[in-house]
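# Observations on the three-dimensional arrangement
Below are the chains, spelled out letter by letter.
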Amino acid sequence: MNKRAEELSASLEQAAFWMPFTANRQFKKAPRLLARAEGMYYWTPEGRQVLDGTAGLWCVNAGHCRPKIVEAVRRQVAQMDYAPPFQMGHPIAFEFAERLARIAPPGFKRVFFTNSGSESADTALKIALAYHRARGDGGRYRLIGRERGYHGVNFGGMAVGGITANRKVFGPGVAGVDHIRHTHDPARNAFSRGQPRHGAEFADELERLCALHDPATVAAVIVEPVAGSAGVLVPPLGYLERLREICTRHGILLIFDEVITGFGRLGQPFASQRFGVMPDLFTAAKGITNATVPMGAVFIKDSIYDAFMHGAEGIELFHGYTYSGHPLACAAGIATLQTYEEEGLLTRVSKIEKHWEEAAHALKGAPHVIDIRNIGLMAAIELEPRPGQPGKRAYEVFVKAFEAGVLIRVTGDIIALSPPLIVEPAQIERIFECARSVLAATP
Ligand SMILES: Cc1ncc(COP(=O)(O)O)c(C=O)c1O
């Protein structure tokens, strides 16, 4: 262990760092630290190797510390560390946006840069509201999200999000927001492989909300094509198509939050391409720079961008961030796209998805397992909660797996798995074998 890590471990109980989405007191008594990473692995400060079953936080799609990306960031920071993005430009931001537009579905030639998934969600919602206003349809102010949706932690994303714990202590939030129901239906769909068969009709809830509120007041609907943070909820067959149809019929913009599903996780660059359903705007972050430098983006349909470019000359959208299109993020992003392209990573999952699915579903019958679901290189193993102790069992599984050398992720009583897209078959076996033995050892 290096000296700094040793000191850290010894002093964590009094640490200044208030850790995000973490049980701070619990963690600081028994810390789990990561000090180094390469390819499919992390190493702890003591030098113990840990297989990354989660691509960090669904974000390190090409694996860790990829040389091309590291080198690009190193070069850029020495050449130009920062440049203001308001009324000034720098070539690398234009170049990166151009390259992103090339892998986006046709008709999405415009990219707005942010610094995170949360900012991307809020940016997309604001563009949707401003778009209707730009077209003289400013009566559309309502935003509709979905139960169990996650769109980050800023006020807009929190408001349309549907995870109770993330909302309940933060006040009334944004006015004019409503939610359709989630798509999880274990009674009919447990142990589905890929898209579940039942539940396209859950999209009709949108029709119900339109009838309630008057569709002419609804600006946008935002959903994750596959809900990630709430535990890999795969859209039922026909569901996204039906949402699209209802939105189109009522002039409502459909926003896909592709912060997790973007950049190859489902075997295509974006989930819209996998499902063959096109939104009007979609968000991205995480894999956009392979998580090397924080960044997010909103992809905008041409007709939406064009609607802003007609009025009097001047700033068309009063929105943006000091670090929108940050030079280091753009350098990391370009090198990330090059890495994805050279190694075929944006489509590799389509080749390994079957193997992944088999390995995941082989856990059927393991202790506590009540559902397994998967799509692309994502899988969830849902556990029976311990009576009166929701989340406890899965948390113990998570800690034991880490001790056994595999990083998994848990949300409530659901284990979520999403390794880097470079994962090899033997590593897939190791992830699920570890899950199996840890489940067997967990009461
Ligand atoms: C679908 C989705 N949207 C938004 C976010 C928020 O991203 P960030 O943590 O970068 O703000 C996440 C993060 O997991 C996400 O999964």
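The rules we used
Residues numbered from 1 in each chain as written. Predicted model: local features only at pLDDT ≥ 70, side-chain atom pairs only at ≥ 80, totals over all residues. Heavy atoms only, no water. Near = heavy atom within 4 Å. Polar contact = N/O pair within 3.5 Å; in protein donor to acceptor, adjacent residues only side chain to side chain. Areas by Shrake-Rupley, 256 points an atom, 1.4 Å probe, with all protein chains shown as cover. Salt bridge = Lys/Arg side-chain N within 4 Å of Asp/Glu carboxyl O. Buried < 20%, exposed > 50% of the residue type's maximum accessible area, 1.4 Å probe, protein only. Axes fitted to C-alpha atoms, helices over the stretch in contact; angles between N-to-C directions. Helix = DSSP H or I, 4+ residues; strand = E, 2+ residues; numbered from the N terminus. Parallel < 35°, antiparallel > 145°, perpendicular 65-115°, else oblique. Left-handed = near helix turned anticlockwise from the far one by under 90°. Contact = heavy atoms within 4.5 Å.

### Topic: the site of the ligand
The full set of residues close to the ligand is Ser 116, Gly 117, Ser 118, Tyr 150, His 151, Gly 152, Glu 224, Ser 229, Asp 257, Val 259, Ile 260 and Lys 286. Between the ligand and Ser 118 there is a distance of 2.5 Å, counted from an oxygen atom to a side-chain nitrogen or oxygen. Lys 286 places a polar side-chain atom, nitrogen or oxygen, 2.9 Å from an oxygen atom of the ligand. Starting from 390 Å² of accessible surface for the ligand in isolation, the protein chains cover 83%.

### Some thoughts on the pattern of salt bridges
In the structure shown here, the tally under the stated rule is 24 salt bridges. Residue Asp 185 is joined to Arg 188 by a salt bridge in which the shortest nitrogen-to-oxygen separation is 2.5 Å. Of the charged contacts, one joins Arg 373 and Glu 382 as a salt bridge, the two residues approaching to 2.8 Å between their closest N and O atoms. In terms of burial, Arg 373 and Glu 382 fall into one category: buried.

### What to know about the packing of helix α16 (residues 392–403) against helix α17 (residues 425–440)
Close contact between α16 and α17 brings their axes to 9 Å; oriented N to C, the two are set at 125°. The pairing of α16 with α17 is recorded here as oblique in orientation. Considering only the axes of α16 and α17, their crossing is right-handed. Contact residues: Val 397, Lys 400 and Ala 401 in α16; Cys 434, Val 438 and Leu 439 in α17.

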